Amino acid sequence: MLVPPLVHGLILAFVIGIVAGLRAMLAPAAVAWVASKGMLPLQGTWLAFLGYRFTPWIFTLLAATELVTDQLPSTPSRKVPPQFAARLLTGGVSGAAVGYGIGAPLPGIVLGIVGAVFGIYGGAALRARLAATFGSDRPAALIEDAVAILLAVLVVLSI
């Protein structure tokens, strides 16, 4: 392996944080699937619930709902305090879960939160540019959805 396991895991914690910044529920859904398959050692930790049998299904339902509601014009900006806080929370939790996989939950939390901030502001800026280019927000939102899903799949396949 070209990248040491610790560095690899920390990069994944940052990337899952970006996913949370783009779509708050997608990051814990992805991590819950990995944990439920036993690929993340979360048993005996405060995040053990992510590996429970029904947790991935619940988070997947929440993520799918978020993908739909994000298309609605009434959906608040990701930068308003409740949305911002939710993304920081899910980024931190998801980053911590990835961090437990490498024995570094605290750096995982920090990198998950930092990644979420990148996802929040970077995603908003990219989406605004794309919406201006297309003359419509819908294609921009769909592209952002695709990027978030791709990043989540990349993390899941890399754990």
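What you see is a predicted model; the values in this text were computed from it and never measured.

Student: Can you tell me about the overall build of the protein chain, naming the residues and giving the values?
Tutor: Each helix and strand in the protein chain was counted, giving 6 helices and 0 strands. Of the regular secondary structure in the protein chain, the N- to C-terminal order runs α-α-α-α-α-α. Against the compact-globule benchmark of 15 Å for 159 residues, the protein chain has a radius of gyration of 15 Å, which places it among compact chains. With respect to the three principal axes, the spread of C-alpha positions in the protein chain is 50 × 35 × 25 Å. A burial count over the protein chain gives 42% of its 159 residues as buried. In the protein chain, once contacts between residues fewer than 6 apart in sequence are set aside, the share between residues at least 24 apart is 72%.

Student: Run through the side chain of E66, naming residues and quoting values.
Tutor: As for its position among the elements, E66 is in helix α3 (residues 55-69). By relative accessible area, which is 14% here, E66 ends up buried. Sequence-distant contacts of E66, that is, excluding residues within four places in its chain, are made with R23, A24, M25, L26 and R87.

Student: Let's hear about the packing of helix α4 (residues 81-101) against helix α5 (residues 105-134): which residues, and what values?
Tutor: Direction vectors running N to C along α4 and α5 enclose 140°, while the axes themselves pass 6 Å from each other. The orientation of α4 relative to α5 falls into the category oblique. Like other packed secondary-structure pairs, α4 and α5 cross with a definite hand, here right-handed. Across from F84, R87, L88, G91, G92, G95, A96, G99 and Y100 in α4, the residues of α5 making contact are P105, G108, I109, G112, I113, A116, V117, I120 and Y121. Among the residues making up the contact of α4 with α5, the classes are represented as 11 nonpolar, 6 polar and 1 charged.

Student: Could you give an account of α3, with specific residues and numbers?
Tutor: Across its 15 residues, α3 extends 21 Å between first and last C-alpha, which sits within 8% of the 21 Å expected from 1.5 Å per residue. Along α3, the residues classified as buried are T55, P56, F59, A63 and E66. Taken down its axis, α3 places every buried residue within 90° of arc, on the same side. When the buried face of α3 is taken as reference, the exposed residues oriented beyond 90 degrees from it are W57, L61 and V68. Close packing links the buried residues of α3 with α2 (26-36) and α4.

Procedures and definitions
Residue numbering note: each chain is counted from 1, following its sequence as written. Where local features are concerned, this predicted model is filtered to residues with pLDDT of at least 70; where side-chain atom pairs are given and counted, the filter is 80 or more; whole-chain, interface and lining totals use all residues. Side-chain calculation: all heavy atoms of the structure are included, whereas hydrogens and water are not. Helical segments are the DSSP runs of H or I of at least four residues, strand segments are the runs of E of at least two, and each set is numbered from the N terminus. All radius of gyration figures rest on C-alpha atoms, and the globule criterion is 2.2 Å times the number of residues raised to 0.38. Under the scheme applied here, a residue whose accessible area is under 20% of the maximum for its type counts as buried, over 50% as exposed, and between as partly exposed, the area being computed with a 1.4 Å probe on protein chains only. Every residue pair with non-hydrogen atoms within 4.5 Å of one another is taken to be in contact. All axes here are fitted lines through C-alpha atoms, helices being fitted over the stretch that makes contact, and every angle between N-to-C directions spans 0 to 180 degrees. Here is the rule for angles: anything less than 35 degrees is roughly parallel, anything more than 145 is roughly antiparallel, 65 through 115 is roughly perpendicular, and the remaining ranges are oblique. We call a crossing left-handed when the near helix sits turned anticlockwise from the far one by less than a right angle, and right-handed when that turn is clockwise. Here the term charged refers only to Asp, Glu, Lys and Arg, the term nonpolar to Ala, Val, Leu, Ile, Met, Phe, Trp, Tyr, Cys and Pro, and the term polar to all other amino acids, Gly among them. Expected helix span is computed as 1.5 Å times (number of residues minus one). Picture the helix axis, draw a direction to every C-beta atom, and the arc is the one those directions span.

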